[in-house]
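Observations on chain architecture
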Amino acid sequence: MALATAAPITAMTGNLPVIIGGGNGVHAPAGFLFVMLVLIVFTVGYVAMARHITTAGAFYGFVSHGLGRVVGMASGLLAVLAYVVFEASIVGIFAYFAQQAVDAQLGLDLPWQVYALLMLAVTALLSYFDLEVASKVLGVFLVGEVLMLGLLAGSVLVHGGGPDGLHLSSLNPTGAFAGVNAGVGLFFCFWSWIGFESTAMYGEESRNPKRIIPRATLLAVVVLGVLYTFVAWMVLSGNGAGKALEIVGGSSPLDLFLAPARQYLGGWAVTAFQWLMVTSAFACGMAFHQCASRYLYAIGREGFLHPALGRTHPRHGSPYVASFTQTGIALAVVGGFWAAGQDPYVSLYTLTAILGTLALLVVQTLCSFSVIAYFRRHHPESRHWFRTFTAPLLGGLGMLAAIVLLVVNLDTAAGAASKIFFFKLIPWIVAAVFLGGLALALYMRARHPQKYELMGRLVVENAQERTDDEPVPARA
C-alpha cells in the first residue's frame, strides 16, 4: 500500500522532468540520493514510535502521545487535509494521463472530466470492501509499473548508456545542491516519496504491526530511493545530458522516458508506458483515498467532527462512512477546479499537490520532535542516543529545511498555476487548518474534558498477539 501510494511511474514521469528542467538539472539522481538519506534518518525515529503505538491515526496518534493532545489534534487535521487533497490531485493527473493514452491508442477523445468521475466511482466501490481487495488491485498495478521502470533502466545499463555513456557525475552527492534551482529540485524529490509514511495507518489491520510496520516503512523508503536514483540516472544516461535538458524544456517532456523506451525496448514499450502511467496514477489515488479514510475514521471514532465517521462495515470491516465522505470531498475539490475551467494537470494536480505536501511536511516535522519528547517520558528500556534522539532531531531539521525550500520556491514549483487565486491561498489554508485544530483541542479541553482525554489516544491493545480471526480491541 505504501509503495502504491508513492506510485513510482507517476512520481518519475510527473516529477523528474521538472527536477531536471527547473531544479537540479543533470544532478537529479544526486537529489534523490540526498532526500533518501534524510528520509532514512526521519524513519528511524518514526519506526521507533511505531513499535510502541499502533493506531489508524498514525501521525495524529504519534504527535498526541509525544507533544500533547492540542498539537496532536492540529497535526491530525493537517494530515487529513493533506491526504484529502492528495486524492483530488491524483485524480487530476490520472484524468490527464487517461485522456492522452485513450486518444493516442484508441483514437477516442473524451473530456478529462469523464475519466475523473470514473476514477472517483471505482475507488469508492473498491474501498467499500476490506483492505485486502484494494491491496490486491494495487499490487497488480504496482508490479507492472516497477517492472516497466526496471526494464527501461536495465536496457539502458546493458547498452552502456546513450551518446555520453553512463553519466556517473550525476551521482555526485554535492550535485544535490546544484542546478538551476536546487530548492525546487529537492522539493519535487520529497514529493516523490509522499505516501511511504502511510504504513503506520494500516497497523490495526496488520497481523503483527509492532514488527511489520517498522520494517515496511524503512523498506519502502530504501526501495523507492534506490529505484528513483537508478531510473533517474539511466534516463539521463539513455538520452544524454544535453538531450535530456533539451527534451524537458520542450513541448513533450514525457519523451524523456518514451524516447529511450522506443530506442532500447521497442514500440511496444511506449504503449505499455502510456497505459502504466494511467494505472499507476489510479493506484496512487486509491491508496491516498485509503489514507484519508483512515484519518477521518480515527478522528471520528473519538467523537470529533462526526461520530459516524468512526463506523466500520459489519461484514467487510472497512471504514465505509469515512470512505464515502472522502469520496464526496474529493468530488467537491475536483468539481471546483472543473467549474473554474482549470486544467487537470497544470492546476488541479500541481496546486493540490503543493498544498498537501506543505501540510504533510509540517506534520512530519512535528512527528520527529514528538519522538524525542515521547521517549524522554516513556519506555526507558527503548531509549537510544541515535534512534530516539539524534535521528529524529536530524529528521525534524531536514523536514524544516524542506518546508523552507518549498515556501521560498513556491512560485517556481507551481509554474503556470502560480497565477491562479487558489495558489495564493495555500499557505493560509495550511495555517488556518492548524490553528483550527489548536482551537478545537483547547475548546474540548475546557468544555468536554472526557472527550479531550481520548484525543489521539485510541491505540490497539496487544496488537502483537492479534490474529486474523480476532477482533481489534482499543484502549485510551
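This text follows the structure it describes.
Here the structure is a predicted model, which means the values were calculated and not measured.

Taken together, Phe389, Leu393, Leu394, Leu397 and Leu400 make up a surface patch of nonpolar side chains, about 420 Å² in accessible area. Relative to the assigned elements, Leu393 resides in helix H15 (residues 386-408). Owing to a relative accessible area of 30%, Leu393 belongs among the partly exposed residues under this scheme.

Their axes nearest at 9 Å, the elements helix H3 (residues 28-50) and helix H8 (residues 182-193) cross at an angle of 55°. As summarised for this structure, H3 and H8 are arranged oblique, according to the angle between their axes. Seen from above, H3 lies across H8 with right-handed handedness. Between H3, through Gly31, Phe32, Phe34, Val35, Met36, Val38 and Leu39, and H8, the contact on the second element is made entirely by Leu186, Cys189, Phe190, Ser192 and Trp193.

Turning next to the side chain of Thr350. The topology assignment puts Thr350 in helix H14 (residues 344-377). Excluding residues within four positions of it along the chain, Thr350 makes contact with Tyr345, Ala413 and Ala414.

To continue, consider a positive patch on the surface. Residues Arg51, Arg211, Arg215 and Arg387 make up a contiguous surface patch of positive charge. Mapped onto the fold, Arg215 is located in helix H9 (residues 209-239).

Two quantities define a packed helix pair, namely the angle between the helix axes and the distance between the axes. For the pair helix H11 (residues 255-264) and helix H12 (residues 267-300), interaxial distance at closest approach is 7 Å and the crossing angle is 145°. As H11 runs across H12, the sense of the crossing is right-handed. Two secondary-structure elements touch here, H11 through Phe257, Leu258, Ala261 and Arg262 and H12 through Ala269, Val270 and Phe273. Its residues assigned to classes, the contact of H11 with H12 shows six nonpolar, no polar and one charged.

Scoring rules and cut-offs
- Residues numbered from 1 in each chain as written.
- Predicted model: local features only at pLDDT ≥ 70, side-chain atom pairs only at ≥ 80, totals over all residues.
- Heavy atoms only, no water.
- Patch = residues over 30% accessible without salt bridge, like charges linked within 9 Å, V, L, I, M, F, W, Y side chains within 5 Å.
- Areas by Shrake-Rupley, 256 points an atom, 1.4 Å probe, with all protein chains shown as cover.
- Salt bridge = Lys/Arg side-chain N within 4 Å of Asp/Glu carboxyl O.
- Helix = DSSP H or I, 4+ residues; strand = E, 2+ residues; numbered from the N terminus.
- Buried < 20%, exposed > 50% of the residue type's maximum accessible area, 1.4 Å probe, protein only.
- Axes fitted to C-alpha atoms, helices over the stretch in contact; angles between N-to-C directions.
- Parallel < 35°, antiparallel > 145°, perpendicular 65-115°, else oblique.
- Left-handed = near helix turned anticlockwise from the far one by under 90°.
- Contact = heavy atoms within 4.5 Å.
- Lys, Arg positive; Asp, Glu negative; His and termini not counted.
- Charge placed at Lys NZ, Arg CZ, Asp CG, Glu CD.
- Nonpolar A, V, L, I, M, F, W, Y, C, P; charged D, E, K, R; others polar.

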